[in-house]
Amino acid sequence: FSGGTTPDADFLQHIHFDLGGGNIYYSALGAGGELFASVNLVSAGPPPVTVPDVVGQTQTVAETNLVEADLSVGTISNASSATVAAGIVLSQNPAAGASVPQGTAIALVVSTGPSVPNVVNLAQAVATSAIVNAGLSVGNITSAPSGSVPAGSVISQNPAAGTSVPIGLPVD
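Below, the structure is looked at part by part.

Observations concerning the environment of Ser 129
Consideration 1: With respect to the helices and strands, Ser 129 occurs in helix 2 (residues 124-133).
Consideration 2: Considering only alpha carbons, one finds Ser 129 and Val 119, 10 residues apart in sequence, at a separation of 9.7 Å.

Quick notes on the side chain of Ser 153
Consideration 1: Among the structural elements, Ser 153 can be located in the loop between strand 9 (137-138) and strand 10 (170-171).
Consideration 2: Ser 153 gets classed as buried once you look at its relative accessible area, which sits at 18%.

Brief notes about the nonpolar core
Consideration 1: Grouped together as the largest cluster of nonpolar side chains are 12 residues: Val 49, Val 51, Val 54, Ala 62, Leu 66, Ala 69, Leu 71, Val 89, Val 100, Ile 106, Leu 108 and Val 110.
Consideration 2: If you list the elements that add at least two residues to this core, you get helix 1 (59-68) and strand 8 (105-111).
Consideration 3: No other element matches the three residues that strand 8 contributes to this core.
Consideration 4: In contact with Leu 108, other than residues within four places in its own chain, are Val 54, Ala 62, Glu 63, Leu 66, Val 73, Thr 75, Ile 76, Ser 77, Val 89, Ser 91 and Gln 92.
Consideration 5: Counting nine residues, the second-largest nonpolar core is a separate cluster that includes Val 116, Ala 134, Leu 136 and Val 165.

Here's the deal with the sheet that holds strand 6 (residues 89-93)
The pairing of strands in a sheet comes from backbone hydrogen bonds and takes either a parallel or an antiparallel form.
Consideration 1: As summarised here, the arrangement of the three strands in space is 5-8-6, forming an open sheet in which the pairing is mixed. Taken across any chain shown, the strands that pair with only one partner, and hence form the sheet edges, are strand 5 (72-79) and strand 6. Across the sheet, the mean angle separating the axes of adjacent strands is 25° when strand polarity is ignored.
Consideration 2: Across six bridges, strand 5 lies against strand 8 in parallel orientation. When the sheet's bridge partners are listed, Ile 76 is paired in strand 8 with Leu 108.
Consideration 3: Sitting on the sheet, helix 1 is in contact with strand 5, strand 6 and strand 8, with an inclination near 170° to strand 8.

Overview of a nonpolar patch on the surface
Consideration 1: Taken together, the side chains of Val 132, Val 138 and Ile 141 make up a nonpolar region of the molecular surface, amounting to roughly 240 Å² of accessible area.
Consideration 2: Mapped onto the secondary structure, Val 132 falls in helix 2.
Consideration 3: Judged by relative accessible area, which is 48%, Val 132 ranks as partly exposed.

About the criteria used
- Residues numbered from 1 in each chain as written.
- Predicted model: local features only at pLDDT ≥ 70, side-chain atom pairs only at ≥ 80, totals over all residues.
- Heavy atoms only, no water.
- Helix = DSSP H or I, 4+ residues; strand = E, 2+ residues; numbered from the N terminus.
- Buried < 20%, exposed > 50% of the residue type's maximum accessible area, 1.4 Å probe, protein only.
- Core = buried A, V, L, I, M, F, W, Y, C linked by side-chain atoms within 4.5 Å.
- Contact = heavy atoms within 4.5 Å.
- Pairing = 2+ DSSP bridges.
- Axes fitted to C-alpha atoms, helices over the stretch in contact; angles between N-to-C directions.
- Patch = residues over 30% accessible without salt bridge, like charges linked within 9 Å, V, L, I, M, F, W, Y side chains within 5 Å.
- Areas by Shrake-Rupley, 256 points an atom, 1.4 Å probe, with all protein chains shown as cover.
- Salt bridge = Lys/Arg side-chain N within 4 Å of Asp/Glu carboxyl O.

As far as function goes, none of this settles anything; it's purely spatial.
Spelled out as structure tokens, the structure:
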């Protein structure tokens, strides 16, 4: 209040609420119309939320945790992993710990588990390395003659290349 003047019973108050826009206006006028105080408050909106860490959780649990944190589930994509079982979240965006507005969509990448590598026509030692490096194990090895594949190389495989399988599954 300017000049040490304080409003008394002879002042008028005006309060206006604009709830749709989140604004509040307040003014206090003296009996003669002089302005004692004026305040314009503008809402900053809801407070931001911290993105929880859902990497390593099942897709279902991750989605529940995001919704409980006032966020939404964004795009779900899949990727194979030699070390992470199918159905487990590999990554998220935005990352855990980020401060974001409520309702922000969090994108998830979910593991499909290991993918069987194509080992047909590879030497047995190279095929074995490829299978083990994919998080799988070597299954039954049988020898058979072939007119088109060199001796010591893989003629066929089961399961087929590109198949998503559980970690450690044997590849014959």
